[in-house]
Amino acid sequence: MPFNLSLSEREAAGLKRSLPVIERVEGRRLWADGKGYLNFAGNDYLGLSQAAELRAAADAAAREFGVGAVASPLVVGHQAIHRTLENELADWLGLEAVLLFSSGFSANQAVIKALLGKEHWLWQDRLNHASLQEAGALSPARMQRFAHNNMAVLAAKLKPESGLIVSEGVFSMDGDQGDWHGLTQLAEQSGNWLMIDDAHGLGVLGNQGRGTLSEQGVAAEKVQITMGTFGKALGVSGAFIGGSRALIEYLHNHARSYVYSTHLPPPQAAAILAAVRLVQKAGDKREQLRERVRQFREGVASLPFELLPSATAIQPLIVGDERRTLALAAHLREHGCWVGAIRPPTVPPGSARLRITLSAAHTREDVQRLIEILHRSL
Ligand SMILES: *Cc1c(COP(=O)(O)O)cnc(C)c1O
């Protein structure tokens, strides 16, 4: 056999992953193996995946336009609903233009591969998402990673006018924010471009949910490339790249996973459009989420696990050991709470953790229950 499919090493190290089958997800709750659980593992931070407005929009679009885009965007897949979505997204976020992708993973791959040649440098925060790290590794550019959020280390690595700095708005496994004042200053001084992956900031942070840059008071035009996803706080799926009109037209021509991939189904585009409209007015949901975050952090402060300094929906409890992390997650599950057990290689060795995610859909009682079970698990 030409391939080694053995997983025994991973299994021995407590690192083998298996695929659960979830029977039903309904915002704060999910069902699996015939049992109901409180869901603390999703990324539906505002509960929009269940919103009546999004369901109605997807329904209506399916009836009016059918369920498939039938072609890639440059052929006949780019329809009026996609254009409306692009325009409203750009207006909301203060971007000149955007283009839509069917996933954040492919958006990150596409933009890095389309822009960077072997003459370029790519500087990435060490904790950037796998889609960015992998795009960098596959691109011909020379990639350097810098210590998480460490501007002095980054400054020492930068070369003038020779590439792209990429960081996240809210780090997906840690919940803390990138230093966007520091990053924009270094990018300006060195004449390099800057890209933000705001998968976890969009909808949750900033004025009208515009994301991390708005939260930190950084002007959108200081960051040449904005990437956001629709699968987290917007409750649907898909992603966009935003920037200058010249950048977006360049990508229409060079982003291979855009050019050679069937465009987003119209019901999906319609649901995202409804989410974009709803999220701007969702200040009450954002406040409710902040309240749950405060409640959770107070409730677990006395546990013997490191709680990372996160003010966002992502609240990781660092356990360290892989097997202990799995055992804790199993204990929580036995008591009706579903949380993610995140292990290497998703996070650095020795930092296995429970990745607990909160949502505006959770009630005060839901969070109280999780806190109590965590205390009783010791
Ligand atoms: C989820 C995520 C992605 C990938 O987005 P998908 O639309 O789920 O493919 C990219 N970057 C970050 C930081 C993410 O958390």
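Thresholds applied
Residues numbered from 1 in each chain as written. Predicted model: local features only at pLDDT ≥ 70, side-chain atom pairs only at ≥ 80, totals over all residues. Heavy atoms only, no water. Helix = DSSP H or I, 4+ residues; strand = E, 2+ residues; numbered from the N terminus. Rg over C-alpha atoms; globule rule 2.2 N^0.38 Å. Buried < 20%, exposed > 50% of the residue type's maximum accessible area, 1.4 Å probe, protein only. Contact = heavy atoms within 4.5 Å. Lys, Arg positive; Asp, Glu negative; His and termini not counted. Charge placed at Lys NZ, Arg CZ, Asp CG, Glu CD. Domains from an automatic or database assignment. Buried area = accessible area lost by both parts, 1.4 Å probe. Salt bridge = Lys/Arg side-chain N within 4 Å of Asp/Glu carboxyl O. Polar contact = N/O pair within 3.5 Å; in protein donor to acceptor, adjacent residues only side chain to side chain. Nonpolar A, V, L, I, M, F, W, Y, C, P; charged D, E, K, R; others polar. 1 Å grid on protein atoms, 1.4 Å probe; cavity = no way out; pocket = protein on both sides within 12 Å on 5 of 7 lines; lining within 4 Å. Points joined across faces, edges and corners; volume = space filled by probe spheres on them. Phe/Tyr/Trp six-rings, centres within 6.5 Å; stacked < 30°, edge-to-face > 60°. Lys NZ or Arg CZ within 6 Å of the ring centre and 35° of its normal. Pairing = 2+ DSSP bridges. Axes fitted to C-alpha atoms, helices over the stretch in contact; angles between N-to-C directions. Core = buried A, V, L, I, M, F, W, Y, C linked by side-chain atoms within 4.5 Å. Expected span 1.5 Å × (residues − 1). Arc of directions from axis to C-beta.

### Concerning the overall build of the protein chain
Line of reasoning, step 1. The number of helices and strands found in the protein chain is 15 helices and 14 strands.
Line of reasoning, step 2. Taken against the 2.2 N^0.38 rule, which gives 21 Å for 378 residues, the C-alpha radius of gyration of the protein chain at 21 Å falls within 12% of a compact globule.
Line of reasoning, step 3. With the principal axes as the frame, the protein chain shows a C-alpha extent of 55 × 55 × 55 Å.
Line of reasoning, step 4. Every one of the 378 residues in the protein chain was classed for burial, and the buried ones make up 53%.
Line of reasoning, step 5. Relative to all contacts within the protein chain whose residues are 6 or more apart in sequence, the contacts with residues 24 or more apart total 69%.
Line of reasoning, step 6. Here the protein chain carries 39 positive and 38 negative side-chain charges, and the mean point of each set is 3 Å from the other.

### Quick word on the domain arrangement of the protein chain
Line of reasoning, step 1. Each assigned domain of the protein chain is listed here: domain 1 (7-39 + 283-376) and domain 2 (52-280).
Line of reasoning, step 2. The centre of domain 1, based on its C-alpha atoms, is set 26 Å off from the matching centre of domain 2.
Line of reasoning, step 3. With 15 residues of domain 1 at the interface, the matching set in domain 2 holds 18 residues.
Line of reasoning, step 4. Carbon and sulfur atoms supply 59% of the area buried between domain 1 and domain 2, which totals about 1,100 Å² over both sides.
Line of reasoning, step 5. Looking only at domain 1, the three residues that lose the most surface to domain 2 are Arg286, Thr312 and Ile314, adding up to 47% of its buried area.
Line of reasoning, step 6. At the boundary of domain 1 with domain 2, the tally comes to one salt bridge.
Line of reasoning, step 7. The partner of Asp174 in a salt bridge is Arg353, and the shortest N-O contact between them spans 3.0 Å.
Line of reasoning, step 8. Put simply, domain 1 and domain 2 have seven residue pairs in polar contact (both at pLDDT 80 or more) between them.
Line of reasoning, step 9. Contributing elements (two or more residues each) for the side of domain 1 that touches domain 2: helix H13 (283-300), strand S12 (314-320) and strand S14 (352-357).
Line of reasoning, step 10. In the side of domain 1 that touches domain 2, the residues fall into nine nonpolar, three polar and three charged.

### So, the layout of surface pockets
Line of reasoning, step 1. The computed volume of the largest pocket comes to approximately 1,400 Å³.
Line of reasoning, step 2. What lines the largest pocket is a set of 46 residues, and nearest its centre among them are Arg17, Met173, Ala341, Ile342 and Thr346.
Line of reasoning, step 3. Examining the composition of the lining of the largest pocket, we find that five residues originate from one element, strand S13 (residues 337-342), more than from any other.
Line of reasoning, step 4. The residue inventory of the lining of the largest pocket, partitioned by class, reads 21 nonpolar, 15 polar and 10 charged.

### Overview of the packing of aromatic side chains
Line of reasoning, step 1. For the structure on display, the rule yields four aromatic pairs.
Line of reasoning, step 2. Ring plane angle 85° and centroid distance 5.0 Å describe the contact between Tyr37 and Trp338, whose orientation is recorded as edge-to-face. A residue pair is termed long-range when its members are at least 10 positions apart, and Tyr37 in strand S3 (residues 35-40) and Trp338 in strand S13 qualify at 301 residues. Trp338 matches Tyr37 in its accessibility class, with the two residues each being buried.
Line of reasoning, step 3. The ring centre of Trp121 lies 4.3 Å from the NZ or CZ of Lys159, which sits over that ring.
Line of reasoning, step 4. Between Arg333 and the ring centre of Trp338, over which it is positioned, the NZ or CZ distance is 3.6 Å.

### Quick word on the sheet that holds strand S10 (residues 239-243)
Line of reasoning, step 1. With mixed pairing, the seven strands of this open sheet are ordered in space as S4-S10-S9-S8-S7-S5-S6. At either margin of the open sheet sits one strand with a lone partner, and together these are strand S4 (97-101) and strand S6 (142-146). Neighbouring strand axes in the sheet, compared pairwise and without regard to direction, differ in orientation by 20° on average.
Line of reasoning, step 2. The strands touched by helix H5 (residues 104-115) within the sheet are S4, strand S5 (121-125), strand S7 (163-168), strand S8 (193-197), strand S9 (225-229) and S10, with S9 carrying the most contacts at an inclination of about 160°.

### Focus on the nonpolar core
Soluble, globular proteins show a tendency: their nonpolar side chains are buried together.
Line of reasoning, step 1. Of all hydrophobic cores here, the largest spans 60 residues; its most connected members are Leu89, Leu354, Ile356 and Leu374.
Line of reasoning, step 2. The element that contributes the greatest number of residues to this core is helix H12 (residues 266-280), accounting for nine residues.
Line of reasoning, step 3. Among the domains, domain 1 (7-39 + 283-376) and domain 2 (52-280) are the pair contributing at least three residues each to this core.
Line of reasoning, step 4. Aside from chain neighbours lying at most four places away, what touches Ile356 is Phe40, Phe296, Ala313, Ile314, Gln315, Leu317, Val339, Leu370 and Leu374.
Line of reasoning, step 5. Ala114, Leu122, Leu164 and Ala239 belong to the second largest nonpolar core, which has 25 residues in total.

### Describing the pairing of S9
Line of reasoning, step 1. By the criterion of burial, S9 is predominantly enclosed, with five of the five residues buried.
Line of reasoning, step 2. Side-chain alternation along S9 places Ile225, Met227 and Thr229 on one buried face and Thr226 and Gly228 on a second face that is also buried.
Line of reasoning, step 3. Relative to S9, S8 runs parallel, the two being bridged by three bridges. Bridge pairing in S9 places Met195 opposite Ile225.
Line of reasoning, step 4. Pairing geometry for S9 and S10, over four bridges, is antiparallel. Within the sheet, the bridge partner assigned to Thr229 lies in S10 and is Ala239.

### Thoughts on helix H4 (residues 80-93)
Line of reasoning, step 1. With 14 residues, H4 extends 20 Å between its outermost C-alpha atoms, agreeing within 8% with the 20 Å of an ideal straight helix rising 1.5 Å per residue.
Line of reasoning, step 2. Turning to H4, its buried residues number three or more, namely Ile81, His82, Leu85, Glu86, Leu89, Ala90, Trp92 and Leu93. Looking straight down H4, one finds that the buried residues subtend no more than 165° of arc, so they occupy a single side. Exposed residues lying more than 90 degrees from the buried face of H4 are Ala80 and Asp91.
Line of reasoning, step 3. For H4, the secondary structure elements touched by its buried residues are helix H3 (73-77), S4, S10, helix H11 (256-259) and H12.
Line of reasoning, step 4. Downstream of H4 by one or two residues, Gly94 has phi in the positive range, about 70°.

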